[in-house]
Structure formats: C-alpha cells, structure tokens
Amino acid sequence: MQDKIVGGLLKLPPDDRDFKVGSIMTLPKLEELPKEFKLKTLGIKNQYQSDYCSAFSTTLVSEAQEGVELSPEWHFAVSKMLSGDVQGWGQDLRTACEVSVKHGDLLQKDAPYTLKDKSDMVLRDIKNWPNLFHLAIGQKKKSYIKVKGPYDDFDDIRATLFKLQTPIMIGLTWSWGMNHYELKGITDDGFGHAITVIGWNDKGLILQNSGGIRVGLNGEHVIGREEINHFVSQYGAFTFLDLSPEEVKELMKRGIILEQLSLMNKALILLSILIKKLHENTKKTLGFIGELVEGVFNKRN
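Being a predicted model, the structure only gives us computed values, none of them experimental.

J.: Report on the overall build of the chain, specifying residues and quantitative values.
T.: When helices and strands are tallied, the chain shows ten helices and eight strands. A total of 301 residues make up the chain; the buried ones form 48% of that total. Excluding contacts between residues fewer than 6 apart, the proportion of contacts in the chain whose partners are at least 24 apart in sequence is 74%. Total accessible area on the chain is roughly 14900 Å²; 54% of this is exposed by carbon and sulfur atoms.

J.: Tell me about helix α7 (residues 153-164), and name the residues and values.
T.: Under the 1.5 Å per step criterion, the end-to-end length of α7 is 16 Å for twelve residues, consistent within 8% with the ideal 16 Å. When you tally the buried positions in α7, you get nine out of twelve residues, the bulk of the element. For α7, every residue scored as buried is listed here: Asp 153, Phe 154, Asp 155, Asp 156, Ile 157, Arg 158, Ala 159, Thr 160 and Leu 161. Within two residues after α7, Gln 165 carries a phi angle of roughly 55 degrees, on the positive side.

J.: Describe the packing of helix α3 (residues 72-83) against helix α4 (residues 93-102), and please don't skip the residues or the numbers.
T.: One way to put it is that α3 packs onto α4 with a least axis distance of 9 Å and a crossing angle of 110 degrees. With respect to α4, the axis of α3 lies roughly perpendicular. On α4, the residues touching His 75, Val 78, Ser 79, Leu 82 and Ser 83 of α3 are Thr 95, Ala 96, Glu 98, Val 99 and Ser 100. Taken together, the residues that form the contact of α3 with α4 break down as four nonpolar, five polar and one charged.

J.: Give a detailed account of α4, specifying residues and quantitative values.
T.: The buried count for α4 comes to eight of ten residues, which makes it a mostly enclosed element. Its side-chain oxygen at 3.0 Å from the backbone nitrogen of Arg 94, Asp 92 defines the N-terminal cap of α4. Phi for Gly 104, located one or two positions after α4, is positive at around 90 degrees.

J.: I'd love a proper account of the side chain of Ser 79, names of residues and values included.
T.: Relative to the assigned elements, Ser 79 resides in helix α3. Those residues in contact with Ser 79 that sit more than four places away from it in its chain are Gln 91, Thr 95 and Val 99.

J.: Can you break down the packing of aromatic side chains residue by residue, with the values?
T.: Scanning all chains against the criterion turns up eight aromatic pairs. Their ring planes at 20 degrees and their centres at 4.1 Å tell us that Tyr 52 and Phe 76 sit as a pair that is stacked. Residue Tyr 52 is found in the loop between β1 (37-38) and α2 (53-66), and its partner Phe 76 is found in helix α3; the two are separated by 24 residues along the sequence. For Tyr 52, a relative accessible area of 0% translates into the label buried. Feature note: the residues Phe 37, Phe 162 and Trp 200 constitute an aromatic cluster, connected by ring pairs. The positively charged end of Lys 118 is found above the aromatic ring belonging to Tyr 113, 5.1 Å away from the centroid. When the ring centre of Trp 200 is taken as origin, the NZ or CZ atom of Arg 158, which lies over that ring, is 5.2 Å away.

J.: Account for the nonpolar core, with residues named and values stated.
T.: Membership of the largest hydrophobic core comes to 46 residues, with the highest contact counts inside it found for Ile 157, Ile 170, Leu 205 and Leu 207. Per-element accounting of this core gives the leading share, five residues, to strand β3 (residues 168-174). For Ile 170, the contacting residues outside a window of four places in its chain are Leu 9, Leu 93, Ile 157, His 193, Ala 194, Ile 195, Val 197, Leu 207, Ile 228, Val 232, Gly 236 and Ala 237. Counting residues in each nonpolar core, the second largest holds 17 residues, with Phe 56, Trp 74, Val 99 and Trp 129 among its members.

J.: Would you mind going over the environment of Lys 142 in detail, with residue names and values included?
T.: Among the structural elements, Lys 142 can be located in the loop between α6 (133-136) and β2 (143-146). Accessibility expressed as a relative area gives 39% for Lys 142, which makes it partly exposed. As for Lys 142 and Ser 100, which are separated by 42 residues in sequence, their C-alpha atoms are 8.4 Å apart. Look past the residues within four positions of Lys 142 in its chain and what remains in contact with it is Val 101, Leu 241, Asp 242, Leu 243, Ser 244 and Pro 245.

What counts and how
Residues numbered from 1 in each chain as written. Predicted model: local features only at pLDDT ≥ 70, side-chain atom pairs only at ≥ 80, totals over all residues. Heavy atoms only, no water. Helix = DSSP H or I, 4+ residues; strand = E, 2+ residues; numbered from the N terminus. Buried < 20%, exposed > 50% of the residue type's maximum accessible area, 1.4 Å probe, protein only. Contact = heavy atoms within 4.5 Å. Areas by Shrake-Rupley, 256 points an atom, 1.4 Å probe, with all protein chains shown as cover. Expected span 1.5 Å × (residues − 1). Axes fitted to C-alpha atoms, helices over the stretch in contact; angles between N-to-C directions. Parallel < 35°, antiparallel > 145°, perpendicular 65-115°, else oblique. Nonpolar A, V, L, I, M, F, W, Y, C, P; charged D, E, K, R; others polar. Polar contact = N/O pair within 3.5 Å; in protein donor to acceptor, adjacent residues only side chain to side chain. Phe/Tyr/Trp six-rings, centres within 6.5 Å; stacked < 30°, edge-to-face > 60°. Lys NZ or Arg CZ within 6 Å of the ring centre and 35° of its normal. Core = buried A, V, L, I, M, F, W, Y, C linked by side-chain atoms within 4.5 Å.

Here it is, written out as structure tokens:
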C-alpha cells in the first residue's frame, strides 16, 4: 500500500452541550507562550487508503496522554457502531471522542487485526471483530472538551496545548498534495480530514498526520492562523480531560475554574455528585416498591 491521504472526517454537527476549555480553566496569556513548542508522540502511523482518520487522530491524543499504543482500527469500528452507519464514509470528531469516553480503547498489542492484514471495509464493522470491549475499559477517558476560549481558534489551540501539555485533534478540508509541508490557502474543494496539533513554530501550528512518514516532512505539516480559524469552525477541535462529565458540570455550576480545584473543593464536588446519585436511586427504588404494592393491591381486589 502506498502513502496516500484520503481523509474521512465529517463536519461537526452543532451541539451546545459540548464542554468548552474557556468555561472551566484560565488559559495562559499569549505573551507567556514560548515562540516554539512541540510535544512528543509515540510515532507516525498510516491509515493507508481508509477513511479512518478520525480514529487515528483521536487515539494519537490518547496515546500521548497514556503512553501506550492503541488500535485506531478497533476505535473506528466502535465509532461506526455508535453512529449506526457502518458503510457510511468517515466520522465526526465528537463521535470519535465518545468512543474513548463510553467504551475506552483497545491496546495495540491486544488487537488481532490492523489495516496491514485486513481491508478497511471489513474492519469498519464491529461484527467482524471478536468481543474485545472488556479489554478496552482500562483505557477509558473521563471526558472530552472542545477547545474554545477567549482567543481565536489558532491561539485557543496554542494556549490549550501549552496549558494541558496534550495534543489536540482538529479537522480541515484537505486540498493539498501529500508532499506539502506548509498547508497554505483556503478552499472547500477537497475532503474532510482529521489531523492532530502537536505544537507550533514560526510558520504556524505543527500537525502530525496519519499518512506515513513520507507525507509532508516526516509525517508532519505546518498551517497558519487564517486556515486554522476557517477549518476549525467547521470541524471542531477537541482533547481529553481527566475530569468526569459530572465533575465538569459541578465546576461550571459553582463557577469554579480548574486552578481553584483544591482537594477540599474536589471532595465537596464528588460528595455532591454521590448524593445526587443516591437520591436518584432512592426515587427509582421507591417507585418500584410503589408499583409492586399497587400490583399486589390490584390482585387482591
């Protein structure tokens, strides 16, 4: 198989329920950011001629956070299970993130197949995999968050990247040649492609692709502000957060930002969540008992 970029990213459906970076943390001031910055990853992968880019980008972020290699092929199959369109082209970033939060990710060493030995048409259907969900639970992420803060998308991404020290998955409409290092110009005449931001330099944001090491410069590209602001508005930008959705909601409800999350505050938030769950379970139990008593009463009469 030759190195080739064929994309596979759908535009992001709007959803006001997305957690946003700017709502729960204070991002660094732009003057505090270094001139150049780059995170290390576990290496360049190749999606070959598949539409699995969303899974490759999402698992790359998780790999960098956890320090273990994951299976993008299994991830993509689960994402198609969630969206219910196994044969449909591509996936959006939100659904790709939901795989890691709801089901976790399969370690690469536990994956029986890769795109090297099975076709993308076979691997996209979870029915063609053995049941491996129990092995993926250990790699579950707590939540995902949309990179949206006080700046434009370009600087929101830089500030979040530096603040959290984690890669960020984004999308763009790919219209360049596979050997292009600098991705210049805006056009919507192309195909959606998920790619991962790992840093920046004087030319723009540094992107790690999933088309093998012969794409761009050793598998990487750079892209400027104008291009990023245009494409991120269509495809989104996300990363994973080590807080549960319930914890994030409590933070937002109480107006607490991440920097103010002391051990005492976290304990109070967890206690509040526990009390709510106990209340919900009590209501369900009482409702069940009520139905049971009513059923007995009706039988006797």
